[in-house]
Structures are given as C-alpha cells and as structure tokens.
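# Breakdown of the fold
Chain residues, written in single-letter form:
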Amino acid sequence: MAKDILGEAGLHFDELNKLRVLDPEVSQQTTELKEECKDFVDKIGQFQKIVGGLLELVDQLAKEAENEKMKAIGARNLLKSIAKQREAQQQQLQALIAEKKMQLERYRVEYEALCKVEAEQNEFIDQFIFQK
C-alpha cells in the first residue's frame, strides 16, 4: 500500500531499496537502450574503419589503374610515332630508288650513245686504214 501511494507520486524503490524517481522498469529499459546505443556506436565506428580501408584500397587501385593506362597510352603513342617514322623512311627510300632508276636509265642511254660513237669511230678508223 505504501508502495502504491509512492508509485502514484512517481517515487519507486529499486532492487537495493533505494528511492528512485523513475520506475525500475523504465530505468532498466533506459540502461538497456544506453548499452544498445553504445554497441551501435561501436559498430558504426567499426563500419567506418572498414569503409575507410575499402576507400583507401579503391583509391590505390584507381591510381594504379591510371598509371597503367598512362603507360599504355605512352606505349601506343610510341608505336604510332615509330610507324610514322618507318613510313617516312619508306617514302624516302622509294624516292631514292626512283632517283637511282632514272640515273640508271640516263647512264644506259649514255652508254648506248657512247657505244654507237665508238662503233662509228672504229668504222672510220678501219676505213682510214684500208684507204692508205
């Protein structure tokens, strides 16, 4: 009966028979909620550490991928420049071949002309020798 009167006044006794303003059930629920909140905060902290580690790993992988991409682009550009150099060299060599062919044709024509002149001079010499 005394407990009921105190309960109506908002006063309660706990398990140690101390006078409390809160109902023991509410106090226990508050304590449980406090513990659950602490556990939740701890789990959130662990989650943030895991996510932070994952983000660092992803950033590192992204940097490595970017480095490899740059290396690949550099290698591709190098191959393109080598191909262009070879093409230019091939054009130079083809131009040189065309020039040498023209020079060969000039020499062949000159050789034929000189052979004709030599034949004419030999004929003239033979006629001159036979006339004497």
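Just so it is clear, the model here is predicted, and its values are computed rather than measured. (Residues numbered from 1 in each chain as written. Predicted model: local features only at pLDDT ≥ 70, side-chain atom pairs only at ≥ 80, totals over all residues. Heavy atoms only, no water.)

### Here's the deal with the overall build of the chain
Defined as follows: Helix numbering and strand numbering both begin at the N terminus, where a helix is a DSSP run of H or I of at least 4 residues and a strand a DSSP run of E of at least 2. Only protein chains enter the calculation, and the probe is 1.4 Å; a residue is then buried if its accessible area is under 20% of its type maximum, exposed if over 50%, and partly exposed in between.
Of regular secondary structure, the chain possesses 2 helices and 2 strands. Seen in sequence order, the chain has helices and strands lined up from the N terminus as α-β-β-α. A burial count over the chain gives 2% of its 132 residues as buried.

### Some remarks on the confidence of the model for the chain
To keep things clear, this is the line we draw: Each residue carries a pLDDT value, the predictor's own confidence for that position, ranging from 0 to 100.
Scored by pLDDT, the chain comes out at a mean of 89, with 81% of its residues at no less than 70. Confidence scores differ between elements of the chain, with helix 1 (residues 2-8) showing the lowest mean pLDDT of 55 and helix 2 (residues 24-131) the highest of 95.

### Things to note about the UniProt feature "coiled-coil region" (unreviewed entry) in the chain
So the rule is basically this: UniProt positions are given in the numbering used here, feature names are shortened, and annotations may be inferred rather than shown by experiment.
With numbering matched to this structure, UniProt assigns "coiled-coil region" (unreviewed entry) to residues 79-110. The distance from the first to the last C-alpha atom of residues 79-110 is 46 Å, and the span holds 100% helix and 0% strand.

### Considerations on a nonpolar patch on the surface
Applied cut-off: Patches were defined on residues exceeding 30% relative accessible area and lacking a salt bridge, with like-charge contacts within 9 Å and nonpolar side-chain contacts (Val, Leu, Ile, Met, Phe, Trp, Tyr) within 5 Å. Surface accessibility in these figures is a Shrake-Rupley result with a 1.4 Å probe; residues are shielded only by whichever protein chains are displayed. Salt bridges are identified by distance alone: a Lys or Arg side-chain nitrogen within 4 Å of an Asp or Glu carboxyl oxygen.
Judged by side-chain polarity, Leu54, Leu57, Val58 and Leu61 come together as a nonpolar surface patch covering roughly 360 Å² of accessible area. Mapping Leu57 onto the fold places it in helix 2.

### Here's the deal with a negative patch on the surface
Cut-off, in case you're wondering: We score Asp and Glu as negative and Lys and Arg as positive, and we do not count His or the chain ends. To locate a charge, the coordinates of NZ of Lys, CZ of Arg, CG of Asp or CD of Glu are taken.
The grouping of Glu32, Glu35, Glu36, Asp39 and Asp42 at the surface amounts to a negative patch. Position of Glu36 relative to the elements: it lies in helix 2. The exposure class assigned to Glu36 is exposed, which follows from its relative accessible area of 52%.

### Side note on the pattern of salt bridges
One pass over the structure, following the stated rule, counts 3 salt bridges. Among the salt bridges present, the one from Lys71 reaches Glu68, with a minimum N-O distance of 3.7 Å. Linking Lys71 with Glu68, this pair stays in helix 2, spanning 3 residues, or about one helical turn. A salt bridge links Glu112 to Arg108, with the shortest nitrogen-to-oxygen separation between them at 2.5 Å. Here the residue Glu112 and the residue Arg108 both occupy positions in helix 2, the gap between them amounting to 4 residues, near one helical turn. Overlapping salt bridges, with partners in common, bring together Glu105, Arg108 and Glu112 in one network.

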